[in-house]
Amino acid sequence: TYNEEEEILERTIAGALAMDYSCHRVWVLDDGRRDWLRELTAKLGCNYLTRPDNAHAKAGNINHALDQIAQLETQPEFISVLDADFVPTSAFLSRAVCLFAEDDVGIVQTPQHFVNPDPIQANLGAADIWPDEQRFFFDVLMPSKDAWGTAFCCGTSSVIRFQALQEAGGFPTTSITEDYLLTLRLKQFGYRTVYLNERLSLGLAPEGLNEYITQRSRWCLGFIQILRSADGPFYANNLTWADRFSLIESFLYWSGTYFFRLASLLVPITYFLFGIRALDVELGSGLAHFLPYFVGHVAVIGWLSKGRIMPILTDVSQLLAMREIIQSVFIGLVKPKGHKFKVTAKGGDRSKTVVQWKMIVFFALFLFATLFGLLISFHLDPNRTLEDSSIVALFWSWYNIVLLLIAMFCCIERPRMRRAERFTASETVELDWGGKFIPANMLDISIYGMRVAGNFNKPVGSKVKLRFRGTDLNAKVARVGDQEVALAIEHSFGTRLTMIKEVYSGRFGSFFTGVSATSLGRRVITQLLK
């Protein structure tokens, strides 16, 4: 932890302490040197550790702790890393440690699941019908990499063999993506990383576009640093051919994907404004070559990803981070060393609408250039000779206009009023309004309350005693619906810890019901026209 709020840290610490594992110790590694956090850890009953400086950021923080742990009388067999906002379920350790039966397993990585929508989901109002961007990576790519032996550590929600870490000299500090580099370093000592695809921790996705872009540009820069180092695919090290191909493929993703997105904007603009024919093709020939590829590509990727990848929204997500990713690629190639770790901010006041004007202006320039090129070619200069390829450029331009409009809309960040995210639930609780306990069906739950089905004819503010999984809690009516009532739980310190343990137990789900292209398109159009 570095600068996160108490509310976020309390959840993670309480969840870590509540793990159903008979022999584990919890340490809070505070690079912010905060007295209130020291007091909170003492109150919760876990260990606290800080250091005099912030050298090497997150990796340095962990290495400082490893040095302290190595001096303990009882050293651990394994260590687990949790980011400040990732709350483990009770089964996290007991499930992950199972995969260390083979001595050459150095790291067990589990997926990252999020309790809140990412900025694209939130700003388009599509969290229930469109998964967060990381679902394709953790649900499709990582299992595939694991099958080829190229899965890698993603930092949080991982468990690492302590002996392997000692042999490798701790977390590497030559890249700001120290987690990925750790996997490559451990391979040089004969250890491998395996992937356990189970939902064993719940964290926060970046809540704003700035945080979203900061995180992804850091991942990109860190990877380019690895590529340029002695741990990269072009050097004599202990990497397999599969590892080397995987690293090259990742480089092509970071470099090729985002440069292609930029080229896709520029090609029709330069054609209509300056007559530069980067693509010179007749309509019939273009359709004959492109349509079979496009239909096949969409069908196969849609099948493999179970609908998690769709052309327009995937392109929008790439467009939003395009400028910063391209900058990171250039910076990493030219100057791979000496870059600071940029923390992804979590928490803070999200109750107001925030407009990312710089991003809107950037996309508006492309939008204006595209529209101006169309205006000149088809209206202002009627004598201009337009070739058959102009039809291709015309369709391409209109596609770019749609992408740019959606991207600009995503730059208007909608307020988030909830203190804690809700989970869907289907469980029986008991309510006592002053007489006797009666059963009620719970519809959803958060740390601060729950919604139950029924018409109890109670006004807002009414007191109720709530029995939830054997624990009696005091609550009051916060909102009344036709056939439901929302209850706010009256919190004490102990009550809050109980709710954290139960809500983050892994039993409850998100409101995401599945991908529907029709529903998603309708939702995006509705949001754009609001």
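This text follows the structure it describes.
Small disclaimer: the values here were computed from a predicted structure and weren't measured.

## Some points on helix α6 (residues 134–147)
Phase 1 of the analysis: Between the first and last C-alpha of α6 there are 19 Å, a value that for 14 residues agrees with the 20 Å anticipated at 1.5 Å per step.
Phase 2 of the analysis: Regarding α6, the residues found buried are Gln134, Arg135, Phe136, Phe137, Phe138, Val140, Met142 and Lys145.
Phase 3 of the analysis: Residues of α6 that are buried in the fold lie against β5 (105–109), β6 (113–114), β8 (192–195), α9 (209–228), α10 (241–274) and α11 (283–305).

## Focus on the nonpolar core
Phase 1 of the analysis: Ranked by size, the top nonpolar core spans 61 residues in total, and within it Leu124, Met142, Leu319, Leu320, Phe363 and Leu520 carry the most contacts.
Phase 2 of the analysis: Not counting residues up to four positions away in its chain, the partners in contact with Leu520 are Ala126, Ile129, Trp130, Met310 and Leu313.
Phase 3 of the analysis: Ranked by size, the runner-up nonpolar core spans 34 residues in total, among them Ile447, Val452, Met499 and Phe508.

## Details of the sheet that holds strand β4 (residues 87–88)
Phase 1 of the analysis: Strands sit in the order β4-β9-β6 across an open sheet of 3 strands; the sheet is mixed. Among the strands making up the open sheet, the edge pair consists of β4 and β6.
Phase 2 of the analysis: Across 2 bridges, the pairing between β6 and strand β9 (residues 201–203) is parallel. Considered in β9, the bridge of His113 is made with Leu202.

## Remarks on the sheet that holds strand β17 (residues 484–489)
Phase 1 of the analysis: Within the closed barrel, the 6 strands sit side by side as β12-β13-β14-β17-β16-β15. Their pairing is antiparallel. Geometrically, the sheet is characterised by an average inter-axis angle of 45 degrees between neighbouring strands, direction not taken into account.
Phase 2 of the analysis: Pairing geometry for strand β15 (residues 463–468) and strand β16 (residues 471–480), over 6 bridges, is antiparallel. Note that in β16 the partner of Phe468 across the bridge is Thr471.
Phase 3 of the analysis: Against the sheet, helix α15 (residues 493–503) contacts β12 (423–432), β13 (437–446), β15, β16 and β17, and its axis sits at roughly 75 degrees relative to β13.

## As for helix α2 (residues 35–44)
Phase 1 of the analysis: Inspection of α2 places Leu37, Leu40, Thr41 and Leu44 among the buried residues, and these make up the whole buried set. Take α2 and look down its axis: the buried residues cluster within an arc of 100 degrees, on one side only. Looking at α2, the residues exposed on the side facing more than 90 degrees away from the buried face are Asp35, Glu39, Ala42 and Lys43.
Phase 2 of the analysis: Immediately downstream of α2, the backbone of Gly45 shows phi near 95 degrees, a positive value.

Parameters and conventions
- Counting restarts for each chain: residues are numbered from 1 in the order of the written sequence.
- Two thresholds apply to this predicted model, a pLDDT of at least 70 for residue-level local features and 80 or more for giving and counting side-chain atom pairs, whereas whole-chain, interface and lining totals are computed over all residues.
- The basis for every side-chain value is the complete set of non-hydrogen atoms in the structure, without hydrogens or water.
- Here a helix means four or more residues in a row that DSSP labels H or I, a strand means two or more in a row labelled E, and each is numbered from the N terminus.
- One less than the number of residues in a helix, times 1.5 Å, gives the span that helix is expected to have.
- Three exposure classes are used, based on accessible area relative to the maximum for each residue type with a 1.4 Å probe and protein chains only: buried under 20%, partly exposed in between, and exposed over 50%.
- In what follows, a contact means two residues having at least one pair of non-hydrogen atoms within 4.5 Å.
- Only buried residues count toward a nonpolar core. Its members are Ala, Val, Leu, Ile, Met, Phe, Trp, Tyr and Cys residues joined through side-chain atoms within 4.5 Å.
- Strands are labelled as partners when DSSP assigns at least two bridges between them.
- All axes are obtained by fitting lines to C-alpha atoms, using only the stretch in contact for helices, and the reported angles, taken between N-to-C directions, cover 0 to 180 degrees.
- Throughout, the arc means the angular range of directions from the helix axis out to the C-beta atoms.

Just distances and angles here, no functional claims.
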